[in-house]
Amino acid sequence: MGHVALAAKITHVPSMYLSELPGPRFGSRQDAIDGHHEISRRCRALGVDTLVVFDTHWLVNASYHINCAPHFKGTYTSNELPHFISNLGYESPGNPALGKLLAKTCNDFGVDTLAHDATTLAPEYGTLVPLRYMNADQHFKVVSVSALCQAHYLNDSARLGWAMRQAVEQHYDGTVAFLASGSLSHRFAQNGLAPEFAFKVWSPFLEQLDRRVLEIWERGDWATFCEMLPEYTSKGHGEGFMHDTAMLLGALGWKGYDAPAEIITPYFGASGTGQLNAVFPVTPQSGEHIPAAQASAAQGFQAVNRL
């Protein structure tokens, strides 16, 4: 049936848009933009028809959600950083059929998921910034998935990723790319210090933590990384509690994944946060290492880590 052709962890720093504009930041994020162009080029060469974006700027408090409207068009200003992203125009075709198929399969796998096709809900900038550089010509259809998950288990996010891969491979007539849109460490510079940290990571600890994680990624030691993910996202201030990363690795086979990551845009600091673009080769997987559904088995109050 269908095929997951490419998986990637991508940056969406708003300074990418700012670097397009005349002024002191002009051209300063060209390496990140070039990384998006390269990922788009690879997707086109692989015949991808739809980009599924795990968006760490889409905050949800219950269930997982999929924005699969038939068409996206509008003008966006960031409520977080309106001095970085203001009046950004966007337009992309959606894929309602795929979005509903993804939700159905996730539910079949015990992960409560809702698809929204008849909606006025607009994508967040974790989706819109990558689309600006990957899909300016509207070549790809787009589906956005909530990944700033306030009350969710990382195990369920991993299982959601696997379920989405099964939906594509078993039921979809087409080719898909999964994009985890979020940073590594995500500790913003303290107010008043943002200009000083425009190209830096907030602390030596966070930078070294990120760099050790990238060494693990580049040698393909996913069993170690999956074990450390809950603590990494907590101590490393992971963006969206790193549910996007759990989704991506779930789609790749979780602890059973067996390929090294390829760094497309080398690690860089942005407003205190740690960023990169990286591609993860999609390899055959049995699913035997995917976590069991957790929320659907929960029994009332449990004393658990918030993440």
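To be clear, the structure that these remarks concern was listed above.
S.K.: Can you walk me through the nonpolar core in this structure?
M.R.: Taken as a class, soluble globular proteins show a tendency for nonpolar side chains to be buried jointly. Counting residues in hydrophobic clusters, the biggest one holds 60 residues, and the most contacted among them are Phe-178, Trp-217 and Phe-280. The dominant element in this core, judged by the number of residues it contributes, is helix α5 (residues 154–171), at eight residues. Contact partners of Phe-280, with chain neighbours within four places excluded, come to Ala-7, Ala-8, Lys-9, Trp-217, Trp-222, Leu-248, Leu-252, Tyr-257 and Ala-261. Counting 36 residues, the second largest nonpolar core, distinct from the first, contains Ala-8, Val-48, Leu-81 and Ile-85.

S.K.: Can you walk me through the pattern of salt bridges in this structure?
M.R.: Side-chain pairing between opposite charges can occur once the charged atoms of the two side chains come close. Counted by the stated rule, this structure contains 14 salt bridges. Ionic pairing is found between Glu-262 and Arg-42, a salt bridge with its closest N-O pair at 2.8 Å. Of this pair, Glu-262 sits in strand β9 (residues 262–270) while Arg-42 sits in helix α2 (residues 30–45); the two residues are 220 residues apart in sequence, bridging distant segments of the chain. Counted as one network, the salt bridges with shared partners bring together Glu-38, Arg-41, Arg-42 and Glu-262.

S.K.: Got a minute to help me understand the sheet that holds strand β6 (residues 113–116) in this structure?
M.R.: Strand pairing in a sheet relies on backbone hydrogen bonds. The paired strands run either parallel or antiparallel. The sheet built from eight strands is open, its strands ordered β6-β3-β7-β2-β8-β1-β10-β9 with mixed pairing. What marks the edges here is a single partner per strand, and that holds for β6 and β9. The mean angle between the axes of side-by-side strands here comes to 20°, regardless of whether they run parallel or antiparallel. Contacts between α2 and the sheet are confined to β1 (3–10), β2 (50–60), β8 (175–181), β9 and β10 (273–280), with β9 contributing the most and set at about 155° to the helix. Seen against the sheet, helix α4 (residues 125–134) touches β1, β2, β7 (141–149) and β8 and runs at an angle of roughly 150° to β2.

What counts as what
Residues numbered from 1 in each chain as written. Predicted model: local features only at pLDDT ≥ 70, side-chain atom pairs only at ≥ 80, totals over all residues. Heavy atoms only, no water. Core = buried A, V, L, I, M, F, W, Y, C linked by side-chain atoms within 4.5 Å. Buried < 20%, exposed > 50% of the residue type's maximum accessible area, 1.4 Å probe, protein only. Helix = DSSP H or I, 4+ residues; strand = E, 2+ residues; numbered from the N terminus. Contact = heavy atoms within 4.5 Å. Salt bridge = Lys/Arg side-chain N within 4 Å of Asp/Glu carboxyl O. Pairing = 2+ DSSP bridges. Axes fitted to C-alpha atoms, helices over the stretch in contact; angles between N-to-C directions.

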